[in-house]
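# Structural description and commentary
Residue-level listing of the chains:
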Amino acid sequence: MVETTGGGPQDGAAEVLDRPLPDGVRRKVVQIVADGFGGLTVVELPAQLRQYARFTPSRRAKFAGNAMAAALETDPLFRQRIGEKLREAEPELTGALDSGSPPPAADPLDVAAAAYVLRPPGWVKLVTAAGEEAQRADAERADEETRAELERLRAELDRAREHTRAETERLRVELDAAEKETDSLHRKLRSALADVKRGEAALRKLRGEMEAVRAEGQAQVSAAESETRRLKARLGETEAALEAARRAAREGRSVEDMRVRLLLDTVLDAAQGLRRELALPPVSVRPAETVDAVEPGRMTPKDIAARALSEDDPAVLDQLLALPQAHLVVDGYNVTKTGYPQMPLEKQRLRLLGQLAQLAAQTGAEVTCVFDGAELAAPVLLAPPRGVRVLFSKPGVTADELIRQLVRAEPPGRPVIVASTDREVADGVARAGARPVASAVLLKRLS
């Protein structure tokens with residue numbers, strides 16, 4: 001059939017494609033070869049394609065596409081055989097190509113692929129034109145997709161703007177409501193602060209009366225019972241006033257409420273301690289009890305004089321911690337560097353905190369241990385032992401200043417003991433009403 005075309009195929013075979021075969025044309029060519037592949041015998045196939053003889057056309061196109069395209073380009077006999085199969089399958093298209101007038105309604109890719117296989121005169125122009133047409137189609141399709149994407153993005157932008165406006169309006173409404181609530185809370189806070197100030201004034205008055213009661217009780221043991229009854233009456237009045245203040249400020253408790261309650265507990269414990277110290281009898285004084293004598297088990301003036309202790313005696317610390325509601329504040333590194341400076345800081349902290357936990361369990365006192373945060377190379381991860389509060393100073397704040405803040409935070413009248421050898425710390429806390437104790441005394445007590 002090829003020989004009947006005369007000199008046409010020879011003229012077409014002399015033409016050379018000066019650019020790569022367009023992808024669309026190449027896929028059509030591979031499909032033509034895959035379809036015509038099955039009509040050839042194994043002997044008629046090039047040696048490199050015989051292993052694909054049993055494949056289906058789709059599998060041949062998938063796995064042997066490059067090999068078939070290369071054989072079609074380099075093996076004229078194989079190309080002639082594929083062309084014969086194409087003429088049998090597409091007689092109208094191949095006939096139109098042989099006559100030099102491809103049908104205008106045919107797919108340009110099909111025309112170019114058939115022309116590439118048959119190689120009629122002008123086949124290079126057909127392949128080139130098909131490639132350009134495919135590029136134009138791809139460009140138009142990409143342009144359509146771009147326009148569609150642009151429209152979609154514009155719609156999303158409009159929805160986002162509408163959502164933003166609605167969200168802004170909602171946040172504005174919430175902000176107005178929050179401002180109103182803040183104003184209400186401020187008014188409640190001012191009312192609570194006024195109640196606290198009144199409570200502080202009543203507490204200062206009560207403290208003065210308590211000092212007078214204590215002085216009178218020490219001077220006149222015979223009148224201690226009546227003074228204690230008056231003190232209890234005062235305490236009842238104070239508790240009633242405090243309960244009224246607590247009900248008025250129940251919605252806005254503050255740190256001052258806590259200080260008032262803590263000081264009240266201290267006063268109650270002090271009153272009970274005063275009763276025990278004065279050894280008040282449970283009944284009224286009997287005439288026989290007014291006779292001056294030494295009873296078995298009672299302390300004589302000589303015994304009382306023997307109780308005096310030096311400042312370096314650890315028993316002083318025990319007496320202080322036995323006071324009602326006592327609070328021990330420890331200058332951590334000052335104590336550890338006094339007792340065991342050769343140890344690493346981490347082991348110093350662990351050793352001191354373990355000993356303080358035992359002391360807190362023995363005495364029942366509140367214990368706070370303060371360390372200087374400037375000594376740390378990284379954040380400390382530790383679990384404070386039971387009964388010991390562990391604090392590190394913030395950047396720019398020394399442990400000494402943090403200790404003074406803790407002392408100032410306590411209500412006047414509560415026994416606060418500060419363990420530190422630093423003279424500046426000792427003087428500062430003493431002026432604030434706390435009792436300084438040397439680090440060596442604490443170390444002796446711990447050991």
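Residues numbered from 1 in each chain as written. Predicted model: local features only at pLDDT ≥ 70, side-chain atom pairs only at ≥ 80, totals over all residues. Heavy atoms only, no water.

With that settled, consider the overall build of the chain. Summing up its helical and strand segments, the chain has 17 helices and 5 strands in all. Out of the 447 residues in the chain, the part that is buried amounts to 33%. If you take every contact in the chain between residues at least 6 apart in sequence, the share linking residues at least 24 apart comes to 64%. Surface accessibility of the chain: about 27,600 Å² in total, with carbon and sulfur atoms responsible for 54%. (Helix = DSSP H or I, 4+ residues; strand = E, 2+ residues; numbered from the N terminus. Buried < 20%, exposed > 50% of the residue type's maximum accessible area, 1.4 Å probe, protein only. Contact = heavy atoms within 4.5 Å. Areas by Shrake-Rupley, 256 points an atom, 1.4 Å probe, with all protein chains shown as cover.)

Here the focus is unusual backbone geometry. Here the phi dihedral of Gln325 falls at roughly 55°; this positive angle occurs in a residue that is not glycine. Turning to its location among the elements, Gln325 is positioned in the loop between helix H12 (314-321) and strand E1 (327-331).

Moving on to the pairing of strand E2 (residues 366-371). Extensive coverage of E2 is indicated by the burial of 5 of its 6 residues. Sheet analysis places E1 next to E2, joined by 5 bridges and oriented parallel. Within E2, the position partnered with Val330 by the bridge is Cys369. Strand direction decides the pairing type here: E2 and strand E3 (residues 388-392), joined by 5 bridges, are parallel. By the bridge assignment, Thr368 is partnered in E3 with Arg389. (Pairing = 2+ DSSP bridges.)

With that settled, consider the nonpolar core. If you look at the biggest cluster of nonpolar residues, it comprises 33 residues, and the most contacted ones within it are Val25, Val29, Val33, Met68, Leu72, Phe78 and Ile82. Mapped onto this core, the elements with two or more residues apiece are helix H2 (23-37), helix H4 (65-74), helix H5 (76-89), helix H6 (91-99), helix H7 (108-118) and helix H8 (123-219). (Core = buried A, V, L, I, M, F, W, Y, C linked by side-chain atoms within 4.5 Å.)

Another aspect to go through is the confidence of the model for the chain. Per-residue confidence for the chain gives a mean pLDDT of 78, with 79% of residues at or over 70. Segment residues 1-10: pLDDT under 50, and 10 contacts once partners within four positions in sequence are set aside and those in other chains are kept. Low confidence marks residues 299-306, where pLDDT is under 50. Its contacts with residues over four positions away, or in another chain, come to 4 contacts. (pLDDT = per-residue confidence, 0-100.)

Okay, the environment of Val29 next. Mapping Val29 onto the fold places it in helix H2. Exposure remark for Val29: the relative accessible area of 2% places this residue in the buried category. Along the chain, Val29 and Leu109 lie 80 residues apart, while their C-alpha atoms are 9.2 Å from each other. Setting aside residues up to four positions removed in sequence, Val29 forms contacts with Leu21, Leu72, Ala113, Tyr116 and Val117.

This part covers the packing of H2 against H7. Where H2 meets H7, the axes come as close as 8 Å, and the angle between the chain directions of the two elements is 60°. Between H2 and H7, the crossing angle belongs to the class labelled oblique. In this structure, H2 crosses over H7, and the sense of that crossing is right-handed. Residues Gly24, Val25, Lys28, Val29 and Ile32 of H2 lie in contact with H7, whose contacting residues are Leu109, Asp110, Ala112, Ala113, Ala114, Tyr116 and Val117. Residue composition of the contact of H2 with H7, by class: 9 nonpolar, 1 polar and 2 charged. (Axes fitted to C-alpha atoms, helices over the stretch in contact; angles between N-to-C directions. Parallel < 35°, antiparallel > 145°, perpendicular 65-115°, else oblique. Left-handed = near helix turned anticlockwise from the far one by under 90°. Nonpolar A, V, L, I, M, F, W, Y, C, P; charged D, E, K, R; others polar.)

Moving on, we come to the packing of helix H15 (residues 399-409) against helix H16 (residues 423-431). It is the contact of H15 with H16, at a shortest axis distance of 10 Å, that shows an interaxial angle of 15°. Considered as vectors, H15 and H16 are oriented roughly parallel to each other. The hand of the H15/H16 crossing is right-handed. Along its contact with H15, which presents Asp400, Ile403, Arg404 and Val407, the element H16 presents Glu424, Val425 and Val429.

So, on to the pattern of salt bridges. All told, the structure shown has 17 salt bridges when counted by the stated rule. Close ionic contact of Arg172 with Glu169 constitutes a salt bridge, the shortest N to O distance being 2.8 Å. Taken together, the residues span about one helical turn, with Arg172 and Glu169 both in helix H8 at a distance of 3 residues. Arg198 serves as the salt-bridge partner of Asp195, at 1.9 Å between the closest nitrogen and oxygen. (Salt bridge = Lys/Arg side-chain N within 4 Å of Asp/Glu carboxyl O.)

Here the focus is the packing of aromatic side chains. For any two aromatic rings, the description comes down to two numbers: the centre-to-centre distance and the angle of the planes. Taken as a whole, this structure holds 2 aromatic pairs when the rule is applied. Cluster of aromatic residues (ring-pair linked, three or more members): Tyr333, Phe371 and Phe392. We note Arg59 situated over the ring of Phe55; from NZ or CZ to the ring centre the distance is 4.4 Å. Sitting over the face of the ring of Tyr333, Lys337 holds its NZ or CZ atom 5.5 Å from the ring centroid. (Phe/Tyr/Trp six-rings, centres within 6.5 Å; stacked < 30°, edge-to-face > 60°. Lys NZ or Arg CZ within 6 Å of the ring centre and 35° of its normal.)

Moving on, we get to the sheet that holds strand E4 (residues 416-419). Taken in spatial order, the 5 strands line up as E3-E2-E1-E4-E5 in an open sheet, and their pairing is parallel. Only two strands of the sheet have a single partner each, and these edge strands are E3 and strand E5 (435-437). Going from strand to strand, the sheet's axes swing by 20° on average, the running direction of each strand aside.

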